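# What the coordinates show
Spelled out, the chains give:
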Amino acid sequence: MISLNLSPSLNPGLLLHKTRTRQQPTRLSALPFTNSKPFNHRYPLGLSPIRADSKPLLSVSLTNPVYSSGFSRKPRSIAAAAATNSSDSNPDGDYEKSDLGEAEKKEKKAKTLQLGIVFGLWYFQNIVFNIFNKKALNVFPYPWLLASFQLFAGSIWMLILWSFKLYPCPKISKPFIVALLGPALFHTVGHISACVSFSKVAVSFTHVIKSAEPVFSVIFSSLLGDSYPIAVWLSILPIVMGCSLAAVTEVSFNIGGLSGAMISNVGFVLRNIYSKRSLQSFKEIDGLNLYGCISILSLLYLFPVAIFVEGSHWVPGYHKAIATVGKPSTFYFWVLLSGVFYHLYNQSSYQALDEISPLTFSVGNTMKRVVVIVSTVLVFRNPVRPLNALGSAIAIFGTFLYSQATAKKKKIEVGGDKKN
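The rules behind each value
Starting afresh in each chain, residues are numbered from 1 along the sequence in its written order. Restriction of local features to residues with pLDDT of at least 70 applies here, the model being predicted, together with a cutoff of 80 or more for giving and counting side-chain atom pairs; totals for whole chains, interfaces and linings are based on all residues. As a convention, hydrogens and water are excluded, and side-chain values are obtained from all of the structure's heavy atoms. Secondary structure counts use DSSP, requiring at least four H or I residues in a row for a helix and at least two E residues in a row for a strand, with both numbered from the N terminus. Only protein chains enter the accessibility calculation, which uses a 1.4 Å probe; a residue is then buried when its area is under 20% of its type maximum, exposed when over 50%, and partly exposed in between. In what follows, a contact means two residues having at least one pair of non-hydrogen atoms within 4.5 Å. Methods summary: accessible areas were calculated by the Shrake-Rupley approach with a probe of 1.4 Å, and residue burial reflects only the protein chains presented. Here a polar contact is taken to be a pair of N or O atoms separated by no more than 3.5 Å, where protein atoms must pair a possible hydrogen donor with a possible acceptor and residues adjacent in sequence count only if both atoms sit in side chains. Between N-to-C directions, angles cover 0 to 180 degrees, with each direction set by a line fitted to C-alpha atoms, over the stretch in contact for helices. Each angle gets one of four labels, with under 35 degrees taken as roughly parallel, over 145 as roughly antiparallel, 65 to 115 as roughly perpendicular, and the rest as oblique. Helix crossings are classified by the rotation of the near helix relative to the far one: an anticlockwise turn of less than a right angle makes the crossing left-handed, while a clockwise turn makes it right-handed. Under the scheme applied here, ten amino acids are nonpolar (Ala, Val, Leu, Ile, Met, Phe, Trp, Tyr, Cys and Pro), four are charged (Asp, Glu, Lys and Arg), and all others, including Gly, are polar. For our purposes a nonpolar core is just a set of buried Ala, Val, Leu, Ile, Met, Phe, Trp, Tyr and Cys residues, chained together by side-chain atoms within 4.5 Å. The predictor attaches a confidence to each residue, and that confidence, scored 0 to 100, is pLDDT. UniProt positions are given in the numbering used here, feature names are shortened, and annotations may be inferred rather than shown by experiment. What a helix should span is 1.5 Å times the count of its residues minus one.

## Concerning the overall build of the chain
Helix and strand counts for the chain come out as 14 helices and two strands. Expressed as a percentage of its 420 residues, the buried residues of the chain come to 42%. In the chain, of all internal contacts separated by at least 6 residues, the share reaching a separation of at least 24 is 83%. Of the roughly 24100 Å² that the chain leaves accessible, carbon and sulfur atoms contribute 65%.

Rendered as structure tokens:
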């Protein structure tokens, strides 16, 4: 017996022949072919083999196994055949892929928006810190106390986050504290030196000199055994030239301010180098917690020295500052904002570094200096000579070139490690 399940797409000539010759023996190869398509020698019935993931159009129940034409022994309903014969232009898989694509686009847009907010906060907080830090130093020129208060504000901020479980508290161990002593010391040197520079020269000039930090990074790293390609060495030349031109033409030039900015560069470079060497085994501690621990240790380093250096001048200086400002609350407000926003802008910078590549962070840091320089010049109305502006621009551009060159160096090193 022959049992046939037909779909609307079956050849009508074949159906007619089967009806008339029901009592006769059936040989599939002898059936007439009335399809208008050219005869397919590979597939005698003119039908291509059915795909493994779909059901066939015709089911023949015989004692024979599956035919070479692709027919299956299992019956097939007309509804299933119609589903198979329908157009493949919009299958479920395409809908799923399109949904996934839209979800990825939305996620990418959300991440870009979040990163933009972090960068915006980073720039805004840095501007606020530099403005109110300079305002406080103009009436109270004692940077050691002000720098200590800024570290104190950051320490209190982190302790609040840890105490109320607003941020996970790091696991503190004796080896971690020992490893952190060096980076915290160099961070203290960098911070107090920058504050001393801010107290003696214009904020814009300090930031121009601090843009020369890559020069010290290359020099000290080379002395410690690292090698750099010629592109990196060439990139620091415009930094040196630009800083030199800006220093020569600076209206508020002061040797103490220049020295403070240079020492700050040395301190922060050594902090970065020492951190990489001593904190390799403590990668479970994220950047924000690491900075919080460094702030606490730096406060313990700095405040006793601050008392020794300028402690005897604090009380007379305070009364003079109040007399100059007029309202004690105004002075307190300036000092408080300088301390809070000093920690906040460092916190935002660590959050940005966690989300982006080091190259993007370096470029963002370079642009941050440009924004801070322009903002402080507008707020404090510092006179800027054309050559001074040109030197600042050259130095900033050199910092950008350095970021590009060091990024290429890291890519080469990563590629070499993968080959090895």
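## A word on the environment of S275
Looking at where S275 falls in the secondary structure, it is placed in helix α9 (residues 255–278). Residues S275 and G182 lie 93 residues apart in sequence; the distance between their C-alpha atoms is 7.8 Å. Engagement of the side chain of S275 in a polar contact is seen with the backbone oxygen of R271, the distance being 2.6 Å.

## Observations regarding the packing of helix α5 (residues 174–200) against helix α10 (residues 287–310)
The description of two packed helices rests on the angle between their axes and on the distance between the axes. For the pair α5 and α10, the least separation of the axes is 8 Å and the interaxial angle reads 70°. By the angle between their axes, α5 is roughly perpendicular relative to α10. The two elements α5 and α10 meet at a crossing, and its hand is right-handed. In this structure, α5 contributes F176, L180, L181, A184, L185, H187, T188 and I192 to the contact, and α10 contributes L290, Y291, C293, I294, L297, S298, Y301 and L302. Of the residues in the contact of α5 with α10, the class split is 13 nonpolar, three polar and no charged.

## A few points about the packing of helix α6 (residues 203–210) against α9
Look at α6 against α9: their axes get within 9 Å of each other, and the N-to-C directions meet at 40°. Between α6 and α9, the angle is such that the two are oblique. Between α6 and α9 lies a crossing of right-handed hand. Mapping the contact onto sequence places F205, T206, I209 and K210 in α6 and L258, A261, M262, S264, N265 and F268 in α9. Tallied by class, the residues present in the contact of α6 with α9 amount to six nonpolar, three polar and one charged.

## Some words on the nonpolar core
Ranked by internal contacts, the top residues of the largest apolar core, which has 43 residues, are W122, F140 and F331. Where this core is concerned, the elements lending two or more residues are α3 (92–139), α4 (143–163), α5, α10, α11 (314–325), α12 (328–355) and α13 (358–380). Counting residues per element, this core draws most heavily on α3, at 12 residues. Excluding residues that lie within four positions of it along the chain, W122 makes contacts with Y345, S348, S349, A352, F361, G364, N365 and K368. I209, V232, A247 and V377 belong to the second-largest nonpolar core, a separate cluster that totals 21 residues.

## Remarks on the confidence of the model for the chain
Predicted coordinates in areas of low pLDDT are best not read in detail. For the chain, per-residue confidence averages 79 on the pLDDT scale, and 73% of positions sit at 70 or higher. Note on residues 1–89: pLDDT is under 50 here. Beyond four places in sequence and across chains, it has 82 contacts.

## Looking at the environment of P386
Examined against the element boundaries, P386 turns out to sit in helix α14 (residues 386–419). A C-alpha to C-alpha distance of 8.8 Å links P386 and T249, two positions 137 residues apart in sequence.

## Thoughts on the UniProt feature "transmembrane region" (unreviewed entry) in the chain
Feature annotation in UniProt places "transmembrane region" (unreviewed entry) on residues 113–132, 144–164, 176–199, 255–274, 286–309 and 329–345, given in this structure's numbering. Annotated as residues 144–164, this span is 95% helix and 0% strand, and its ends, taken at the C-alpha atoms, are 31 Å apart. Across residues 286–309, helical content stands at 96% and strand content at 0%; the span's end C-alpha atoms are separated by 34 Å.

## Let's talk about the environment of E310
With respect to the element layout, E310 can be found in helix α10. Residues E310 and L145, 165 residues apart in the sequence, show an inter-C-alpha distance of 8.0 Å. For E310, the side chain forms a polar contact with the main-chain nitrogen of L145, separated by 2.8 Å.

## Considering unusual backbone geometry
Positive phi outside glycine occurs at K165, with the angle close to 60°. When you line up the elements, K165 lands in the loop between α4 and α5. Even without being glycine, R381 reaches a positive phi, approximately 55°. Accessibility expressed as a relative area gives 73% for R381, which makes it exposed.

## Let's talk about α4
Spanning 21 residues, α4 covers 30 Å between terminal C-alpha atoms, matching the ideal 30 Å at 1.5 Å per step. The positive-phi residue at the C-terminal boundary of α4 is K165, with phi of around 60°.

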